[in-house]
Amino acid sequence: MGKIWDYEKFKATARLAAAEGIVLLKNDEKTLPLAENTKLAIFGRSQMNYYKSGTGSGGMVNVDYVVGIYEAIADSGLYKVDQTVREAYEKFVEENPFDSGAGWASEPWFQKEMPLTDAFVKSAAKESEVAVFIIGRTAGEDQDNKNEQGSYLLTDEEVAALKKVTKAFKKTVVLLNVGNIIDMKWVKEVDPSAVLYVWQGGQEGGNAVLDVLSGAVNPSGKLSDTIAENISDYASSENFGSEVKNYQKEDIYVGYRYFETFDKDKVLYPFGYGLSYTSFDIAAGEFAYDKKDGISFEVHVANTGDTAGKEVVQVYIKTPNGELGKPARTLIGFDKTDILDKGQAQNIRFEIPKYWFASYDDSGVTGHKSAYVLEKGEYTVYAGSDVRSAEEVGTFVLDETEVVRQCEEAYAPIESFERLKAVVRNGKVVKEFEKAPTRTLDPNTKRKDKLPKASLYKYTGDKGYKLKDVADGKVSLEKFIAQLSDEDLCAMMRGEGMCSPKVTPGVAGAYGAVTDSLLGFGIPIASCSDGPSGIRMDCGTHAFSLPNGTCLACSFNEKINEELFTWEGLDLRRCRIDALLGPGMNIHRSPLNGRNFEYFSEDPFLTGKLVAAQLKGMHKYDVTGVIKHFAGNTQEFKRHTVNNVVSERALREIYLKGFEIAVREGNARAVMTTYGPVNGIWTASSYDLLTTLLRNEWGFDGIAMTDWWAMGNDEAGAPGSYQNVAAQVRAQNDLNMVNTSAGDNTNNDNLAEALADGRLERSELGRSAGNILRFLMKSPSFQHMLGNESDLDKELAEAVSAEDMALQEMIDVVADKDITELDVKDIKVGKKSTTVFCMTTPRRCTMDLELVLRADDQPDVAQLPLSVFQDKMLLKTVTLTGMDKEWQTVKISVYPAFIGNFYLKLYFANGGLEIKSARLIKTKDMEEEFQRGLTELN
Ligand code: BGC
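The numbering scheme is per chain: residues are counted from 1 as the chain's sequence reads. Where local features are concerned, this predicted model is filtered to residues with pLDDT of at least 70; where side-chain atom pairs are given and counted, the filter is 80 or more; whole-chain, interface and lining totals use all residues. Where side-chain values are given, they derive from all heavy atoms of the structure, hydrogens and water being excluded.

Student: Any chance you could explain the sheet that holds strand E13 (residues 330-336) here in plain terms?
Tutor: By the convention used here, strands pair only if DSSP detects at least 2 bridges between them. To qualify as a helix, a DSSP run of H or I must reach at least 4 residues; to qualify as a strand, a run of E must reach at least 2; elements of each kind are numbered from the N terminus. Pairing is antiparallel across the open sheet formed by 4 strands, whose spatial order is E13-E12-E17-E18. Strands at the two margins of the open sheet, each flanked by one partner only, are E13 and strand E18 (391-398). If you compare each strand with its neighbour and ignore which way they point, the axes differ by 15° on average. Pairing geometry for strand E12 (residues 312-318) and strand E17 (residues 377-384), over 5 bridges, is antiparallel. Considered in E17, the bridge of isoleucine 317 is made with valine 381. Under this scheme, a helix contributes an axis fitted over its contacting stretch, all axes are lines through C-alpha atoms, and angles between N-to-C directions fall in the 0 to 180 degree range.

Student: What am I meant to see in the sheet that holds strand E39 (residues 888-894) here?
Tutor: Adjacent strands of a sheet pair through backbone hydrogen bonds, lying either parallel or antiparallel. In space, the 4 strands of this open sheet follow the order E34-E41-E36-E39, with antiparallel pairing throughout. At either end of the open sheet lies a strand with only one pairing partner, and these are strand E34 (819-822) and E39. Each strand of the sheet is rotated relative to its neighbour by a mean of 20°, with strand direction disregarded. The pairing of E34 with strand E41 (residues 913-925) spans 4 bridges and is classified as antiparallel. Residue pairing across strands places leucine 822 opposite alanine 918, the latter belonging to E41.

Student: Would you explain unusual backbone geometry in this entry?
Tutor: Across the chain, the bulk of peptide bonds are trans and the bulk of non-glycine residues have phi less than zero. Note that the residue after glycine 582, namely proline 583, is joined by a cis bond; omega there is -5°. By secondary structure assignment, the location of proline 583 is in the loop between strand E25 (579-581) and helix H16 (604-619). Phi at aspartate 142 is positive, roughly 75°, even though this residue is not glycine. Looking at the element boundaries, aspartate 142 is found in the loop between strand E4 (130-136) and helix H5 (156-168).

Student: Sorry, what's going on with the pairing of strand E16 (residues 371-374) here?
Tutor: As a general feature of sheets, a regular strand has side chains that alternate between the two faces. Each residue is assigned to one of three classes by its accessible area relative to the maximum for its type, calculated with a 1.4 Å probe on protein chains only: buried under 20%, partly exposed between the two thresholds, exposed over 50%. Residues of E16 alternate between two faces, with Ala371 and Val373 on one and Tyr372 and Leu374 on the opposite face, all of them buried. Here strand E15 (residues 359-361) runs beside E16; their pairing, made up of 3 bridges, is antiparallel. Looking at E16, one finds that tyrosine 360 is bridged to tyrosine 372. Summarising the sheet, E16 and strand E19 (residues 402-406) pair through 4 bridges and their orientation is antiparallel. Considered in E19, the bridge of leucine 374 is made with glutamate 402.

Student: I would appreciate a short explanation of the environment of aspartate 290 in the present structure.
Tutor: Checked against the element boundaries, aspartate 290 lands in strand E10 (residues 280-290). For the pair aspartate 290 and lysine 354, spaced 64 residues apart in sequence, the C-alpha separation works out to 9.2 Å.

Student: I tried to follow the UniProt feature "domain: Fibronectin type III-like" (unreviewed entry) in the protein chain on my own but got confused; where do I start?
Tutor: UniProt positions are given in the numbering used here, feature names are shortened, and annotations may be inferred rather than shown by experiment. UniProt feature "domain: Fibronectin type III-like" (unreviewed entry): in the numbering of this structure it lies at residues 311-387. From the first C-alpha to the last, residues 311-387 spans 14 Å; its make-up is 0% helix and 48% strand.

Next up, the structure:
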C-alpha cells in the first residue's frame, strides 16, 4: 500500500482552500493580477505580523511555520520588493513591538499603524509601480468586536496612511487580513485600485495570497455575509450585545434576508459577491418542478473572458408572501465549476428537495401549526453569481398550501415579543411587527412522558461482558450498561481535562473510561482537542493550522472543504485524537460577534453544506468533528448567561438549520452545546434542543457534550448552575466537560444527589452512557485499546516530529543542593513563551519541581495552561483558570537524570500567569542505587 500521509499535499490543499476563499471586491483597470517582475512597495504594519487565525481556543495551534503575506511575496522571486519601505516597517516594529496583551482574550484586535510622511511615500512611488497595503485585525473568544476604530472600523492612522499611498501610487492593492467582514465605507473615500478580503488563511495563508495576486489562482471566493454601509443597518444591531437578554426581533430576517427584502440601498456589497479576473455567463436550461421531488434545472456556465477561472453558481428562491412573511431571497443551492479555460463551458445540475424551501409555521397561521409548509402562490427561482444579480431560471405555482413535514413544537419562547414580518401592502413589501407565538408544550412534561424504560438498564452487577462483546454483537448495549453501577454511570457523564494525562498531552478533553472501574469493562478512553482551525495541544506539540471558518465559507466549495478535512482527519489520527472541537457553525447574526472568524456565514444553508463536507472528510479516517456551539451563540459578551429570546421559526430556519444539515447530510456524531441560555433554558439542559429536535426529529445518535465548564437549569427562567449536571443528562447532554478527576467528582456535580432524590432516573444515565459508548465503539481509541494498530497508525507514528523542544536561549543551572532556586526573572510567562533550563545534577537524585503561581488579573473563564517538559517528555500540564487569584503551589516530580544533564522546559500556551517562585527540591538520593546498577552491569 502506498503512503497515505503526505505533508506536501496537505499544504497544497490548505493553500488552495485559502486561495479559493479570497474575495476580490474591486479591481479597477485590471490592476490584478500583477505581472511578473512588477516593482512592489509593501505598506502596512500587518506585513510584520500575519494573522493566521483569531485568538482563543479557535486559534491556538502550534505550527512548524507560518507563511505570511510579505514572506510569500518576497520569497517568491516573482516581484521586486522595495527594501527601503520594508526596512522602515522593521524599524517601526522594533520600536513599537507587537502587543499580544496579557493572557486569555486580551490581545488587542489591532496593532498600532506606522504613520507615513508624504516624502517617504512619494519616494517609494518613484521606485515602485504598485503599492500593496496590508490591514490586519484579530478577534476571539470572550469579547465581541466593537463598532470602534481598531475593531470594526479602520483607525484614523490607517485611513491617513492608506490615503497617502493611494494618492502617490497609480495602483494600490489593499489586502484585508481579517477574521470576518469589517466596515468598508473607507473604500469610497480612499478609492484604491483593488481590494481583497484575504481573511486569516492558516499557516499557508501568505502563499494563497501570492497565488491570487500573481494570477496562479484566479479568485473565485464570494462573500458569505452582506456588507452594509453601517453597523446600525443590520437588523440585529438594535438587539445585540445586551448583558442580560437579547430579543431577536429581526426574526428570520438575518443578513441578506433582511436587506434584500427591506433595505437594498444600504448594501455596499451583496451576499455572494466576488469578482474574478475573467467573466462568466450563466444561462438557465430547462426548469422543472415536481410535486414529489421538488425543483430541478440545469445552468450553462461559460467563461466569456480571457483567462481560466472558476465560477460559483448560487440558487435563490422567492416564496410567496402568504400568511407567513417571507424573505425576498433564500439560498437553496450552490455549486462551483471546475477551472474553465477561456471560451470553455460547463453544465451544472441542481436538484433541490422541497424541504429546503419550506417555511416553518410556529403559530398555526397557515392552519398547520408546527409544520414545514409550502404556502400557495408563486415561487420564483433565481441563479447567478450573487444574491442581487441572480436571474430568474423558472417559476411554478402551488394552488394549495402543502405540509412538507409535520413536527412537534420545540424550544419556543416563554415570553412574547414583537418580531419583524414582511407583509404586502398595496403591492409593496413593507415591514410590520407581530407577536412571536409562545410555548404551549412544556419540555419537562415531554421528558416525563418519554423516559427510557427502567427495566432496560436495571443494575445486574458485573456479568463479565466487555465492550468488545457489544461491538461483536454478542451482547446488547443495554445489557452491557446494566452491569455498570450508579457510580460508574455518573463518572462516565464527566469528561476530564484540560490536558488529562490519560490521553494525548495538551488536548482539551478525555471521555469514556475516566475511572479504573470503567476501564475494567473494556471501555476505551477517547480524546478531543480544539478547534476549527486545527489541533491545539497546549504542551506545545505542533499540528497543521487551517484557514479560518469565514475564509472556507467564502470558497463556496464543498469539494475543497471535504478534501482539506480529509487531511485534517489524518492529522487527528497522527496525534491520536478522536474528535476535533469544531467546526464552529454559529450564524453571523451580527458582524460584531467576536467568534465570527471561526464561524461561516449569515446563511445556514451555506454553513450546513460546508460543515457536512468537512465532516465527510474527517469520517474517512474514523475521526470526527464536534459541531459547535449548539445553538444560538451569537455573541461573546456574557456568553455564560445572556439569554437569547428567539422565535421557534427563526430557531429552526436560521439558527438550527445548519446543524440539521450537518446531522442529516454530514452524519454528525458529536455536538457541543453553548455556554448560555436560549429562551430561558441553558442549551446544555434543553430537552427540546437535544432530544426533541436533535435526536428524535433529525435522527442524531451520537454524543452531546457541554462547552468547557457550562451550566444547566431545571426549567425556563430558573437560575443556571455549574453543578446541575442532572438537568444536562435529562436532556441528553451526555458529557459534562470538564472535571480534573471524574471519579472524584471534582466539579461537585449533583448527579448522585439527583439520582437519590428522583430528579434523575438511572435509565437516563443509561441512555446517555449508550450514546457515549456507541460513539466510542466507532473511535480509533477503541481499536488502539484492543491492540489493533493499523498500517495507517504505523505510518502516521513515523510522521510525528521528534523536534518539539525549543532549545533556544537555554539557561544553565547547577542543581547541586537540596533546594535549587530557579530565578523567576528568567521565566518568560507571556503567551506561547518557552523557557528552557539546562540542568546539571552532580549527584543522581529524584526531585520535585515546585512552582508557586496565580492568575494575573484574568477573567474567571480564562484557561491558563502551563506545560512542563523534561527533555522531550511532557511531565505535566497544569491549567489554572482566571478564578485562581490566590497563589497556588504545584509540585511536579522530575525523573532521575542519570547522565547528569537534562533539560527542563516551561511552556505557557496562553500567558496570563504570574510566578512567585520556582525551585527544585531533592526528594531521593539515587547515587548509591545508580552505582550499584553500574557495578551489576559491569
Ligand atoms: C470554547 C470552546 C472550546 C472549549 C475548549 C471554550 O472556551 O468556547 O469552543 O472548544 O473552550 O477549549
